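A look at the structure
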Amino acid sequence: MAYQLTDINYRTVTDPKGFVEECDARYQGEVGVAAEMILENRHKSPIVLLSGPSGSGKTTTAMKISDELEKRGVRCHYVAMDDYFVTVDPLTAPRTPEGELDFESPLCLDLELLNKHFTMLSRGERIYVPKYEFSRQMRIQEPSKSIKLRDDEMVIFEGIHALNDLITDRHPEAFKLYISARSDVAFNGSIVYKRTWFRLVRRLVRDFNFRGSDPAVTMAMWANVRRGELANISPFKTKANLRFDTSHAYEPALFNLTATKLFSSVPEGIERYEELRQVLPALQLFGHIDESLIAPDALVREFIGGGVYEY
């Protein structure tokens, strides 16, 4: 799918509020479809596995699906699979081709415990979800939460590796959902803004706003993130019961001023700098949409803040 640059810029000028609301409503419709399909699968499994690459909006989507299930009389728990990371051991941890610790690898997860917990939940047994502290790269003793499902409850496990064979082959009955920003922006038949740039810009803004990350650090990490996606995420998306697009056509106009400023601070010489040189002029093709027009429950609030969900 491709959005048209001329359509985006026209709506940005003539009806920005209606444009934003229309895009948000399209995404919300996809969330509703997902909720209905999850309910249909409920007799097979109370577990939902939600996957997607970095910057897809997995956390907000999980919370929105939970809201939709609540409206239908089903309480839904949320679990971030990041909490199943194992304490980093430099001697055994997976490495990138450059020899750096590879946090994009599924081998960073405690797959044995994760699979055990899926089985326990399906049997109605209580689990204690571990807690991982990223600042110290280690699991701490106190669990993050405990869950025991009743008949009217389900649980969404969200993570980049949720559809990996190491998980789904042992739990094929779970509902499997894959999301990503899957639309380009085109002009006169040529792509002028790539679908991966939706996610790159989201991550850049989020990391700067909430993780204190310098844009150069995010860009330097992006190369390994993309390698990890191609090796460990994309190959498994065909396993999903449902796939949908989380891109919003108004995003480039919302992010262009902030992202342009952040990207401009990145020095030359980092890996994928040539990609950065393509993103910057592409952002400048768009007009501007003010953040005040964005609803508190919009997916993009995951990246700019000011929303109703806690992350």
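Conventions used here
- Residues numbered from 1 in each chain as written.
- Predicted model: local features only at pLDDT ≥ 70, side-chain atom pairs only at ≥ 80, totals over all residues.
- Heavy atoms only, no water.
- Helix = DSSP H or I, 4+ residues; strand = E, 2+ residues; numbered from the N terminus.
- Rg over C-alpha atoms; globule rule 2.2 N^0.38 Å.
- Contact = heavy atoms within 4.5 Å.
- Areas by Shrake-Rupley, 256 points an atom, 1.4 Å probe, with all protein chains shown as cover.
- Lys, Arg positive; Asp, Glu negative; His and termini not counted.
- Charge placed at Lys NZ, Arg CZ, Asp CG, Glu CD.
- Buried < 20%, exposed > 50% of the residue type's maximum accessible area, 1.4 Å probe, protein only.
- Salt bridge = Lys/Arg side-chain N within 4 Å of Asp/Glu carboxyl O.
- Axes fitted to C-alpha atoms, helices over the stretch in contact; angles between N-to-C directions.
- Parallel < 35°, antiparallel > 145°, perpendicular 65-115°, else oblique.
- Left-handed = near helix turned anticlockwise from the far one by under 90°.
- Nonpolar A, V, L, I, M, F, W, Y, C, P; charged D, E, K, R; others polar.
- Pairing = 2+ DSSP bridges.
- Arc of directions from axis to C-beta.
- Polar contact = N/O pair within 3.5 Å; in protein donor to acceptor, adjacent residues only side chain to side chain.
- Phe/Tyr/Trp six-rings, centres within 6.5 Å; stacked < 30°, edge-to-face > 60°.

With that settled, consider the overall build of the protein. When its secondary structure is counted, the protein shows 10 helices and 10 strands. Its C-alpha atoms give the protein a radius of gyration of 20 Å, within 12% of the compact-globule value 19 Å for 311 residues. Structurally, the protein occupies a C-alpha span of about 55 × 50 × 35 Å along its principal axes. Intrachain contacts of the protein at a sequence separation of at least 6 include 77% that bridge at least 24 residues. Entry remark: accessible area of the protein is about 14300 Å², with carbon and sulfur atoms responsible for 50%. Taking the average place of the 39 positive charges on the side chains of the protein and the average place of its 45 negative ones, the gap between the two points comes to 3 Å.

As a further point, take unusual backbone geometry. Backbone geometry at Asn188 places phi at a positive 55°, although glycine is not the residue there. Note on placement: Asn188 falls in the loop between β8 (184-187) and β9 (190-193). On the basis of relative accessible area, Asn188 is assigned to the exposed category, the value being 67%.

Before going further, it helps to examine the environment of Thr258. Along the chain, Thr258 falls in helix α8 (residues 251-264). Linking Thr258 and Val201, residues 57 residues apart in sequence, is a C-alpha distance of 9.5 Å.

This part covers the pattern of salt bridges. With the rule as written, the count across this model stands at 23 salt bridges. Put simply, Lys17 and Glu21 hold a salt bridge, and the shortest N to O gap is 2.5 Å. One end of the pair, Lys17, and the other, Glu21, are both in helix α2 (residues 16-40), 4 residues apart, so they sit about a helical turn from each other. A residue is classified by how much of its surface remains accessible, and Glu21, at 43% relative accessible area, is partly exposed. A salt bridge links Glu153 to Arg150, with the shortest nitrogen-to-oxygen separation between them at 3.5 Å. For Arg150, a relative accessible area of 53% corresponds to the exposed category.

This brings us to the packing of helix α6 (residues 195-210) against α8. One can describe the packing of α6 onto α8 by two numbers: an axis separation of 10 Å at closest approach and a directional angle of 60°. As judged from the angle between their axes, α6 and α8 are oblique. Where α6 crosses over α8, the two elements pack in a sense that is left-handed. Contacts between α6 and α8 pair Phe198, Leu200, Val201, Arg202, Leu204, Val205 and Phe208 from the former with Glu251, Pro252, Phe255, Thr258, Ala259, Leu262 and Phe263 from the latter. Along the lines of polarity and charge, the residues of the contact of α6 with α8 split into 11 nonpolar, 1 polar and 2 charged.

Quick look at the sheet that holds strand β3 (residues 75-80) now. Strand order in this open sheet of 5 strands is β3-β6-β2-β7-β10, and the pairing throughout is parallel. Each edge of the sheet is formed by a strand with only one pairing partner; in this case those strands are β3 and β10 (242-245). Shown here is a sheet whose adjacent strand axes are inclined to one another by a mean of 20°, direction ignored. The sheet strands contacting α2 are β2 (47-51), β6 (153-158), β7 (175-180) and β10, and the helix crosses β10 at an angle near 170°.

This paragraph deals with helix α1 (residues 5-14). Of the positions making up α1, those classed as buried are Leu5, Ile8 and Thr12. The arc that holds the buried residues of α1, viewed along the axis, is 65°, so those residues lie on one side. The exposed residues of α1 that point more than 90 degrees off its buried face are Tyr10 and Val13. Structurally, α1 contributes buried residues whose contacts are with β1 (2-4), α2, β8, β9 and α8.

Moving on, we get to the side chain of Thr246. For Thr246, the position within the fold is in the loop between β10 and α8. Separated by 2.8 Å, the side chain of Thr246 and the backbone oxygen of Ser56 make a polar contact. Here Thr246 is in contact with Arg26, Tyr27, Ser56, Thr61, Ile179, Ser180, Ala181, Arg202, Glu251 and Leu299, once residues within four sequence places are set aside.

Following the criterion strictly, the structure yields 9 aromatic pairs and no others. Note on Phe85 and Tyr132: the rings are 5.5 Å apart at their centroids and 40° apart in plane angle, and the pair reads as tilted. Here Phe85, found in the loop between β3 and α4 (111-122), pairs with Tyr132, found in strand β4 (residues 127-133); they are 47 residues apart in sequence, far enough to count as distant. The interplanar angle of 90° and the centroid separation of 4.6 Å between the aromatic rings of Phe118 and Phe157 together place this pair among those described as edge-to-face. Taken as a pair, Phe118 in helix α4 and Phe157 in strand β6 lie far apart in primary sequence, 39 residues in all. Chaining the aromatic ring pairs together yields one cluster made of Tyr3, Tyr193, Trp197, Phe198 and Phe286.

So, about the environment of Glu251. Within the secondary structure layout, Glu251 lies in helix α8. In this structure, the C-alpha to C-alpha distance between Glu251 and Tyr78, residues 173 residues apart in sequence, is 26 Å. What Glu251 contacts, discounting residues up to four positions off in sequence, is Phe198, Arg202, Thr246 and Val300.

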